[in-house]
Amino acid sequence: VMINLEEYQSAVRFIVSQIKKFPQHLIPIIIIRAGNLKSPGISDLDFLIGFKDNFLYGNEFLEEFNAVIRKMKYKEIFFLHLPNIYPISLLLDLPKYTFNEVENIEIVFGENIFQHKIDINDEQIIIRSMEFIHSRIIDLLINILTNKLNINKILVEGHAFIHSFNAIKKLGVNLDIG
């Protein structure tokens, strides 16, 4: 299926418009669209959703979110997994884990909670990228061993693997085997 970037942007707008209609106690403080959409038709939509630290309705939110997804065209491509829900106090350190500067974080709903610049060093990027690569390999092996292969998920994870590998190479780390 050929999906263009406008369809992704439209899907994000639809999700946000529907979340605004949720009961008040289920409306998040912030929704961040993570990842990139460099491979339309393969890339999925990744959302990081922030609530107050004392939020207790995660399951109810996910039920409402799933009801929205069921209405969507291309849901099997856009949503390979549910959104990640975080307390705001953890999201404040997001740049340390994503290696994106605060000004590069795409907030699609809510208030900007990022008030300060966080310095990111090369060692953090190397360690986190290696952890990410390891995680992708383990996920692939589990999917193979349990015979739960989804071609879109494999393509997305392969793309993410290459991105992490290239991030390490950009720092000048020699990853040649042999």
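Above this text you will find the structure in question.
In this text the structure is predicted, and so the values were computed from the model without any measurement. (Residues numbered from 1 in each chain as written. Predicted model: local features only at pLDDT ≥ 70, side-chain atom pairs only at ≥ 80, totals over all residues. Heavy atoms only, no water.)

K.L.:
Would you explain helix α1 (residues 5–19) in this entry?
P.N.:
Structurally, the α-helix is built with 3.6 residues per turn, so residues lying three or four positions apart point the same way. For α1, spanning 15 residues, the distance from its first C-alpha to its last is 21 Å, which sits close to the expected 21 Å at 1.5 Å a residue. Looking only at α1, the buried set comprises Tyr8, Ala11, Val12, Ile15, Val16, Gln18 and Ile19. Angular distribution of buried residues about the axis of α1 spans 165°; they occupy a single face of the element. Residues of α1 that are buried make contact with β1 (30–34), β2 (46–51), α2 (58–70), α3 (75–78) and β4 (106–110). Backbone nitrogen of Glu6 and a side-chain oxygen of the N-cap are separated by 3.1 Å at the start of α1; the cap is Asn4. (Helix = DSSP H or I, 4+ residues; strand = E, 2+ residues; numbered from the N terminus. Expected span 1.5 Å × (residues − 1). Buried < 20%, exposed > 50% of the residue type's maximum accessible area, 1.4 Å probe, protein only. Arc of directions from axis to C-beta. Contact = heavy atoms within 4.5 Å. Polar contact = N/O pair within 3.5 Å; in protein donor to acceptor, adjacent residues only side chain to side chain.)

K.L.:
Where do I start with the layout of surface pockets in this structure?
P.N.:
In this approach, a probe sized like a water molecule rolls over the atoms, and the result shows the empty space that is left. Considering only enclosed or pocket space, the second largest pocket measures out at about 170 Å³ in volume. Residue lining of the second largest pocket: Gln24, His25, Ile27, Ile29, Phe51, Lys52, Asn54, Phe55, Leu56 and Tyr57, and that is the complete set. (1 Å grid on protein atoms, 1.4 Å probe; cavity = no way out; pocket = protein on both sides within 12 Å on 5 of 7 lines; lining within 4 Å. Points joined across faces, edges and corners; volume = space filled by probe spheres on them.)

K.L.:
Sorry, what's going on with a nonpolar patch on the surface here?
P.N.:
Where nonpolar side chains cluster on the molecular surface, the patch consists of Ile137, Ile138, Leu140, Leu141, Ile142, Ile144, Leu145, Leu149, Ile151, Ile154 and Leu155 and spans about 980 Å² of accessible area. When contributions to the nonpolar patch are tallied by element, the ones reaching two or more residues are α6 (122–145) and α7 (151–170). The leading source of residues in the nonpolar patch is α6, at seven residues. Its location among the elements puts Ile138 in helix α6. Given the relative accessible area of 35%, Ile138 is considered partly exposed. (Patch = residues over 30% accessible without salt bridge, like charges linked within 9 Å, V, L, I, M, F, W, Y side chains within 5 Å. Areas by Shrake-Rupley, 256 points an atom, 1.4 Å probe, with all protein chains shown as cover. Salt bridge = Lys/Arg side-chain N within 4 Å of Asp/Glu carboxyl O.)

K.L.:
What exactly am I supposed to notice about the nonpolar core here?
P.N.:
Residues Ile15, Leu45, Phe47, Phe61, Phe65, Phe78 and Phe79 are the most contacted members of the largest nonpolar core, which totals 27 residues. When residues of this core are traced back to their parent elements, those giving at least two are α1, β2, α2 and α3. A total of six residues in this core trace back to one element, the largest contributor, which is α1. Ranked by size, the runner-up nonpolar core spans 10 residues in total, among them Ala34, Leu48, Leu91 and Ile105. (Core = buried A, V, L, I, M, F, W, Y, C linked by side-chain atoms within 4.5 Å.)

K.L.:
Would you mind going over the pattern of salt bridges with me for this structure?
P.N.:
When the charged atoms of two side chains with opposite charge come close together, those side chains can pair. Applying the stated rule across the entire model yields two salt bridges. The partner of Arg13 in a salt bridge is Glu6, and the shortest N-O contact between them spans 2.6 Å. You can call Arg13 partly exposed: its relative accessible area is 48%. With its nearest N and O atoms 2.9 Å apart, the salt bridge here joins Arg33 to Glu106. In this pair, Arg33 is assigned in strand β1 and Glu106 in strand β4, connecting sequence segments 73 residues apart. Note on Arg33: relative accessible area 12%, which makes it buried.

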